[in-house]
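Reading the structure
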Amino acid sequence: MSEFYAVILADCFDDKFDHLTNTIPKSLFPFVDDLIIEHQINWLQKNEIDKIIVLYRNQKIVEYFNNRKRPGRKTLEIQLIDILNSRNLGDALRELQSHLIIQQDFLLLFGDVITNISLKEVTNKYHEQRKQDKMNILLMVVHQGVQQYEEERFLYVVEKDDKLYQLADLQQNQFELNKKHITLTKGMPCNYVIKSNLIESGIYICNRDVLKSFQEYFMFAEIKQDFIKYMTSTSDIQEEKIHLYIAPKIQVSQRIFHIQSYHNACLKYLSRFFFPYCPSQKYYIDFFKYFAGKVDQRSKVSDQSYIGQNTEVKSKTIITKSIIGKNCKIGVGCEIVNSILWDNIQIENNIIIKDSIITSGCIIKNSIQSQIVSTDKSTNYQQLITPSKYDVDPFEFQGSQDDSFESSGSNQDSDKLGSQPKKQNFYQDLIDDMISIVAKCSTISQVKEAIINVDTIKVNSNIPFENIVTAFMQAFFKILQPNVDSLKNAYELWQEFINRFVSETEVASYIKSIETFCRQNQEYHLNQFLQLSYQHSILNEQVILNYLDQIKQAENDQFAQEFTETSSKFKNYLENIIAEQCLTQAENQDGEYEYEYVYE
C-alpha cells in the first residue's frame, strides 16, 4: 500500500479543547503510553503506509518532529505542511492542493483518531469500486456501535453495495428524506436502508478529485456537513459517488472530541478494545491494570488504570480508572478518580482529584483553593480541568475502601480543594438532570435516546446503578397522574429504560422508592405499581412475594396493613403461578403460559 499517502490533520478547528489546543495540538496529547500521533503512525506502519503528510497550524508539531527519535522503528517519509491561515478543514485541503503533492489516491486521517481498523480491507474495497465505476471518488470508513456523543449522531441512508445516498445530522430538529430519488415498486424489495448504528471513524480514502472539488467550491468547510451533503443531495446531477466501508464489529475507531471521549478512549485502550494495539504486556498486572512505575503495596489501584514509567505512587493512595503518565510523583493518602495525568506531575499528600485532566509539569499543592485552575505564571502549577459535575466516590457507595486507607487529614484536604460538593449535592444534581431528561421524553425513540444519555452520565461519572434508579424514580413520579391509565401509559413508555437500569441488585431500591412515594401520596396505590412492574417484567413473582411477606410483618403500621389487605388477591395470583410452574417442571412438560391480571 506504499502508493498511498496518509494525510494527517494534526490540528483541530473546533473549540472543545481550546483551553489546551491553544498551546498544544490535539495530536500531541498523551494517550496512555504514547502520544496520539505516535499511535496513528504506528497504525499506519502496521498497515504498510510509510508516506505521511502532516498538516499543522501549531509550531509545536514542527518542534516535535525535529526532535523525534524512535530507535528501532522503520524510517518514514514524513512531510510537514503549514496550514497556519486555514480556518477549517476545507481551507486545509485547499492549501494541500496548492502544493501539488497529491497526484494519486490518498488516505485522510483526522488527528484525534484511535483505531484498529484494517486498512488492507478498506483499500481493497475502494479499488474494487473504482474498477467498477471511476466516479467512485470517496470511501467513508465507519464502524458499528451506539452513537454515544452528539458529534457521532448522524443518520445514514445507504443503497445497495453500501453506496451512501444521504447523510443526515440528527442534531437537527427535522430530517427530510430525498423521496424524489426513491422509487418503491409493489412486490419488489426496497434498495435503501436507513442506519443509525454507524459511527464515523475519521478515516477517508479519497481520490485526488476530492481536492479539486474543495478547490472549486470554496463554500466547502467540512467533509461531512458540506462536501458529502452536497454530493449526495445533488446526486441527480452529480456523477461522483460516495460509498461506505462498514468495518466488522471487532474493528473500531474512537475520535477524541472532548474530555469525556478522551477519557473513555483511554479506558477502552486499556481494556484491549483496539486489539492488537494495546499497552505493553510486560506492564500488565491483572484486570487491565498496567504498572510501568512503582506503586506502594499499601495503595489501591482499580482495573482500567495505568501507571507510567518512572512514576512513584506512595502509600495509602487510591487510584480509580485513571491514567498517570511518566515521571510523576503521587503523595501519601491521595485519591485520583476518572482522571488523566500527563507527564512530570507532582501531587502533594492527601489531595483528591476527580474527573480531571492535569497537563504536564503541574505541581498540585494543598494550598490550591479550586478544582478548576487557570494557567498563571505566578504559580508553579498549570491547569486542572473538570469535565463532570457529578462528584461520586465509588468506594464510598460500594463500601470497598479498606480501613487501612483512611486518613485523618483526608477530609480536611478534600475541603481545601474547595469544589468537592457534598454527597447530597451530587445526588440533587443527578435528580435535577434526570427530571430534565424524563420531562423531554414522550415517545419510545426519545426514551431510547434517554437510555444512551443516562448510560453516558453513569460511565463518565462512575455512578452506581442504585443511584441512577433512585434518581430516575424521583423524576418518574413527577410525570404521573393519580389514575390507573396514567400509570399504565408511563410504564408502557418507560419499560425499556427501567429494565435497563433495574437489575436484581437494584430491585430493593426500586421498590423502596415506590413505597416511600405511596406513603407520602395516598392517592397512589402501591399495589398498582407492583402489578405493572410484574407485567413489564421488571419484578418477578418471587421478588414481589418476598416483599409482601416482609411488609406484612410490620407492626403498628397502618399503611402496611391496608396494603396487605388490598394486595391479597394479587398475592394469591402470584402464588398460583409459582405453583403451576412447579407442577409443570415436575411433570417435565413444555409450554408457555400467559396471564393477565385486572388492575384494581
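Parameters at a glance
Residues numbered from 1 in each chain as written. Predicted model: local features only at pLDDT ≥ 70, side-chain atom pairs only at ≥ 80, totals over all residues. Heavy atoms only, no water. Helix = DSSP H or I, 4+ residues; strand = E, 2+ residues; numbered from the N terminus. Buried < 20%, exposed > 50% of the residue type's maximum accessible area, 1.4 Å probe, protein only. Contact = heavy atoms within 4.5 Å. Areas by Shrake-Rupley, 256 points an atom, 1.4 Å probe, with all protein chains shown as cover. Pairing = 2+ DSSP bridges. Phe/Tyr/Trp six-rings, centres within 6.5 Å; stacked < 30°, edge-to-face > 60°. Lys NZ or Arg CZ within 6 Å of the ring centre and 35° of its normal. Polar contact = N/O pair within 3.5 Å; in protein donor to acceptor, adjacent residues only side chain to side chain. Salt bridge = Lys/Arg side-chain N within 4 Å of Asp/Glu carboxyl O. Axes fitted to C-alpha atoms, helices over the stretch in contact; angles between N-to-C directions. pLDDT = per-residue confidence, 0-100. Core = buried A, V, L, I, M, F, W, Y, C linked by side-chain atoms within 4.5 Å.

On to the overall build of the protein chain, then. Helices and strands together make up the secondary structure of the protein chain, namely 19 helices and 29 strands. Of all 600 residues assigned to the protein chain, the portion counted as buried reaches 52%. Contacts spanning at least 24 positions in sequence make up 62% of the contacts within the protein chain whose residues lie at least 6 apart. A total of about 29400 Å² of accessible surface is found on the protein chain, and carbon and sulfur atoms cover 45% of it.

Let us now look at the sheet that holds strand β22 (residues 329-330). Taken in spatial order, the five strands of this open sheet run β16-β19-β22-β25-β28, and their pairing is parallel. One side of each edge strand has no neighbouring strand; the edge strands of this open sheet are β16 (294-295) and β28 (363-364). With two bridges connecting them, strand β25 (residues 346-347) and β28 associate as parallel partners. The residue bridging Gln 346 from the neighbouring strand is Ile 363, located in β28.

Here we come to the packing of aromatic side chains. Applying the stated criterion to the full structure yields 33 aromatic pairs. Centroid distance Tyr 64 to Phe 65: 5.4 Å. Interplanar angle 80°. Geometry classified as edge-to-face. For Phe 65, a relative accessible area of 14% puts it in the buried group. By the ring-pair criterion, three or more aromatic residues cluster together here, those being Phe 472, Phe 476, Phe 477, Tyr 491, Trp 494, Phe 497, Phe 501, Phe 517, Tyr 524 and Phe 529. Across the ring face of Tyr 5, the terminal group of Lys 51 is positioned such that the distance to the ring centre comes to 5.8 Å. Sitting over the face of the ring of Phe 110, Arg 255 holds its NZ or CZ atom 4.2 Å from the ring centroid.

Let us look at the side chain of Lys 321. Mapped onto the elements, Lys 321 comes out in the loop between β20 (318-320) and β21 (323-324). On the basis of relative accessibility, which here comes to 18%, the residue Lys 321 falls in the buried class. At 2.7 Å, the side chain of Lys 321 forms a polar contact with the side chain of Gln 304.

As enumerated under the stated definition, the model contains 19 salt bridges in all. For Lys 571, the salt bridge is made with Asp 549, and the minimal N-O distance between the two is 3.2 Å. Highlighted residues: Lys 571 in helix α19 (residues 568-587) and Asp 549 in helix α17 (residues 541-552), separated in sequence by 22 residues. Asp 549 gets classed as partly exposed once you look at its relative accessible area, which sits at 35%. Bridged by salt links that share partners, the residues Lys 26, Asp 112, Glu 200, Lys 224 and Arg 255 form one connected network.

With respect to topology, seven strands assemble into an open sheet ordered β5-β4-β1-β6-β12-β8-β13, the strand pairing being mixed. Both edges of this open sheet fall to β5 (77-82) and β13 (241-246), since each of them pairs with a single strand only. Pairwise comparison of adjacent strand axes, ignoring direction, gives a mean angle of 25° for this sheet. As paired strands, strand β1 (residues 5-9) and strand β4 (residues 51-56) are joined by five bridges and run parallel to one another. Bridge pairing links Tyr 5 to Lys 51 in β4. Sheet strands in contact with helix α3 (residues 59-66) are β4 and β5, and its direction is about 145° off that of β4. Along the sheet face, helix α5 (residues 119-132) touches β6 (106-110), β8 (136-144), β12 (198-206) and β13 and points at about 145° away from the line of β8.

The next thing to look at is helix α4 (residues 89-98). Of all 10 residues that make up α4, eight are buried, and the element is covered over most of its length. Close packing links the buried residues of α4 with β1, β4, β5, β6, α6 (209-216) and α7 (223-233). Here α4 starts with a cap whose side-chain oxygen sits 3.1 Å from the backbone nitrogen of Gly 90, and that cap is Asn 88. Once α4 finishes, Leu 100 follows within two positions and takes phi at roughly 55°, a positive value.

Before going further, it helps to spend a moment on the confidence of the model for the protein chain. For the protein chain, the mean per-residue pLDDT works out to 81, and 81% of the residues sit at or above 70. Note that pLDDT drops below 50 for residues 368-423; the model gives that stretch 121 contacts with residues more than four away or on any other chain. A low-confidence stretch, residues 588-600 (pLDDT under 50), is modelled with 23 contacts involving residues beyond four sequence positions or located in other chains.

Moving on: the environment of Ile 437. In this fold, Ile 437 is placed in helix α11 (residues 423-439). Distance in space between the C-alpha atoms of Ile 437 and Phe 472 is 9.3 Å, their sequence separation being 35 residues.

Another point: the nonpolar core. As a rule of thumb, soluble globular proteins bury nonpolar side chains together. Core analysis: the biggest nonpolar cluster contains 115 residues, and Phe 31, Leu 44, Tyr 156, Phe 227, Tyr 262 and Ile 347 have the highest contact counts within it. For this core, the element with the highest residue contribution is helix α8 (residues 259-270), accounting for seven residues. In contact with Phe 227, other than residues within four places in its own chain, are Ile 137, Leu 138, Val 210, Ser 213, Phe 214, Phe 220, Glu 222 and Ile 242. Core analysis: the next-biggest nonpolar cluster, separate from the first, contains 56 residues, Ile 463, Leu 530, Leu 548 and Tyr 573 among them.

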